[in-house]
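Residue-level structural notes
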Amino acid sequence: MDAASAAKDRVDRALALLERRLLDLKSRAAGTSRVPDDDLFAPEPSTETDRVRIHELEAAGRDAAEALSRAADAIRDSLAEQEAR
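Now for a quick tour of the structure.

Criteria and cut-off values
- Residues numbered from 1 in each chain as written.
- Predicted model: local features only at pLDDT ≥ 70, side-chain atom pairs only at ≥ 80, totals over all residues.
- Heavy atoms only, no water.
- Helix = DSSP H or I, 4+ residues; strand = E, 2+ residues; numbered from the N terminus.
- Contact = heavy atoms within 4.5 Å.
- Buried < 20%, exposed > 50% of the residue type's maximum accessible area, 1.4 Å probe, protein only.
- Salt bridge = Lys/Arg side-chain N within 4 Å of Asp/Glu carboxyl O.

Within the protein, the secondary structure is distributed over two helices and zero strands. Within the protein, residue pairs in contact and separated by at least 24 positions form 65% of the contacts whose partners lie at least 6 positions apart.

Here you go:
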């Protein structure tokens, strides 16, 4: 497996992990949500459950951003190695 394929595999795994985590968070929150997830004008969280759900979604977003950043760095490194050859 060449470096580009390995980097692509890491990106694919990171995206699959992100998708699984978001689906898991959405499914756990589905029973308690009174407002759709994409409602930008939703009222401030009024219960501890809402605050926990928001914290979990924010943490998942940060984790996803970090995973995608690492994958992008791996792709850049791989491309730089191939150009150097």
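Within the secondary structure layout, Ser78 lies in helix α2 (residues 48–84). Contact partners of Ser78, with chain neighbours within four places excluded, come to Ala3, Ala4 and Ala7.

This part is about the environment of Ala7. Structurally, Ala7 can be placed in helix α1 (residues 3–29). Overall, Ala7 belongs to the buried group, its relative accessible area being 1%. A sequence separation of 72 residues divides Ala7 from Leu79, and the C-alpha atoms of the two residues are 9.5 Å apart. Excluding residues that lie within four positions of it along the chain, Ala7 makes contacts with Ala74, Ile75 and Ser78.

Glancing now at the environment of Ala60. Structurally, Ala60 can be placed in helix α2. A residue is classified by how much of its surface remains accessible, and Ala60, at 3% relative accessible area, is buried. Once residues lying within four places of it in the same chain are set aside, the contact partners of Ala60 are Leu18, Leu22 and Leu25.

A pair can form between side chains of opposite charge whenever their charged atoms are brought close. Within the structure shown, the criterion is met by three salt bridges. Close ionic contact of Glu48 with Arg51 constitutes a salt bridge, the shortest N to O distance being 4.0 Å. Of this pair, Glu48 and Arg51 both sit in helix α2, three residues apart, roughly one helical turn. Salt-bridge contacts for Arg76 lead to Asp73; the nearest nitrogen and oxygen are separated by 2.9 Å. One end of the pair is Arg76 and the other is Asp73, both in helix α2 and three residues apart, which spans about a single turn. Overall, the relative accessible area of 36% leaves Asp73 in the partly exposed class.

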